[in-house]
Amino acid sequence: MKFFIDSANLDEIRSAAEMGIVCGVTTNPSLIAKEGRDYVQTLKEICEIVDGPISGEVSPFSTTAEEMVKEGREIAAMHPNMVVKIPMTAEGLKAIRVLNSKGIKTNCTLIFSANQALLAARAGASYVSPFLGRLDDISQPGIDLIQTISQIFTNYPEIHCEIIAASVRNPIHITDCALAGADIATVPYKALVQCLRHPLTEEGLRKFENDYAAVFGRPNA
Ligand code: G3P
């Protein structure tokens, strides 16, 4: 399973990229609005930091296929790595079909059922984004959805759509997504950092320091 970072915060994206752990970025209108910066400029700057797929979503006020296709073409024109994020609606599926026919990659978002994922893949989406955490929030195990979509896509090898597990909130989600067969997990910076830490790693570092210092002293002491 690959990692994308789910963020529009340039410092977070830069930090994750420097660690070499992410090969793509996903954004959405909420994440970009949270940063309080220009929508297009933010996406362009993200493209300068990570050399991989960057999902930029159409405006929530683009509701017809025509509007989504027009905006999607503008998003795709920003940078060769841009992927157009389109919501799972009937008009969204129409837009995905048209954008795919023009060679533009799409990521179908707000997926909450396996059938939605299958429809998006058949319409030509390059990625589907099932929202794990938001299903957990309403007491439906989100990981079951990732597993089911993975099984369905495996059953039909002609489907090349990748599964981006989204709405990932914690390290357990990440391990579960990898076990369930997600191609990618898009993870908030905080959860990435939670994954790299372990109390025994911290304790081991302190022991190395203390053992070393007891014999060789501390640098600049
Ligand atoms: O990419 C979609 C994801 O950001 C949604 O996450 O935590 O708002 O459900 P969350």
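About the thresholds
- Sequence order as written defines the numbering, with residues in each chain counted from 1.
- With the structure being a predicted model, the display of local features is reserved for residues of pLDDT at least 70 and the display and counting of side-chain atom pairs for 80 or more, all residues being used for whole-chain, interface and lining totals.
- Note that water and hydrogens are dropped before the side-chain values are worked out from all heavy atoms of the structure.
- UniProt positions are given in the numbering used here, feature names are shortened, and annotations may be inferred rather than shown by experiment.
- Per the convention used, a helix needs a DSSP run of H or I reaching at least four residues, while a strand needs a run of E reaching at least two, with both numbered from the N terminus.
- Relative accessibility decides the category of a residue: with a 1.4 Å probe and only protein chains considered, values under 20% of the type maximum give buried, values over 50% give exposed, and everything between is partly exposed.
- Any pair of nitrogen or oxygen atoms within 3.5 Å is treated as a polar contact; in protein, a donor-acceptor pairing is required on top of that, and neighbouring residues in sequence qualify only through side-chain atoms on both sides.
- An expected span of 1.5 Å times one less than the residue number is assigned to each helix.
- Every residue pair with non-hydrogen atoms within 4.5 Å of one another is taken to be in contact.
- Only Phe, Tyr and Trp rings take part, Trp by its six-membered ring, and two of them pair if their centres are within 6.5 Å. Stacked means planes under 30 degrees apart, edge-to-face means over 60, and tilted covers everything else.

As annotated in an unreviewed UniProt entry, the chain carries the name Probable transaldolase and is attributed to Candidatus Ruthenibacterium merdavium. Per its UniProt entry, the chain bears the Catalytic activity (unreviewed entry) comment "D-sedoheptulose 7-phosphate + D-glyceraldehyde 3-phosphate = D-erythrose 4-phosphate + beta-D-fructose 6-phosphate". Reading the Sequence similarities (unreviewed entry) entry of the UniProt record for the chain gives the comment "Belongs to the transaldolase family. Type 3B subfamily."

1. Observations regarding the UniProt feature "active site" (unreviewed entry) in the chain
The UniProt record marks Lys85 with the feature "active site" (unreviewed entry), using the residue numbering of this structure. Positionally, Lys85 belongs in strand β4 (residues 82-87). Judged by relative accessible area, which is 4%, Lys85 ranks as buried. For Lys85, the side chain forms a polar contact with the main-chain oxygen of Thr27, separated by 3.0 Å.

2. What to know about helix α4 (residues 65-78)
In this model α4 runs 20 Å from its N-terminal to its C-terminal C-alpha over 14 residues, within 8% of the 20 Å that 1.5 Å per residue would give. Three or more residues of α4 are buried, namely Ala65, Met68, Val69, Glu71, Gly72, Ile75, Ala76 and Met78. Looking at the buried residues of α4, the elements they touch are α3 (39-49), β3 (54-57), β4 and α5 (90-101).

3. Notes on the packing of aromatic side chains
Taken as a whole and judged by the stated rule, the model has three aromatic pairs. Taking the centre distance of 5.5 Å and the plane angle of 65 degrees together, the rings of Phe112 and Phe131 count as edge-to-face. Pair noted here: Phe112 is in the loop between β5 (106-111) and α6 (114-123) and Phe131 is in the loop between β6 (127-130) and α7 (132-137), with a separation of 19 residues, a long-range link. A relative accessible area of 31% places Phe112 in the partly exposed class. Taking relative accessible area as the criterion, Phe131 reaches 7% and is therefore assigned buried.

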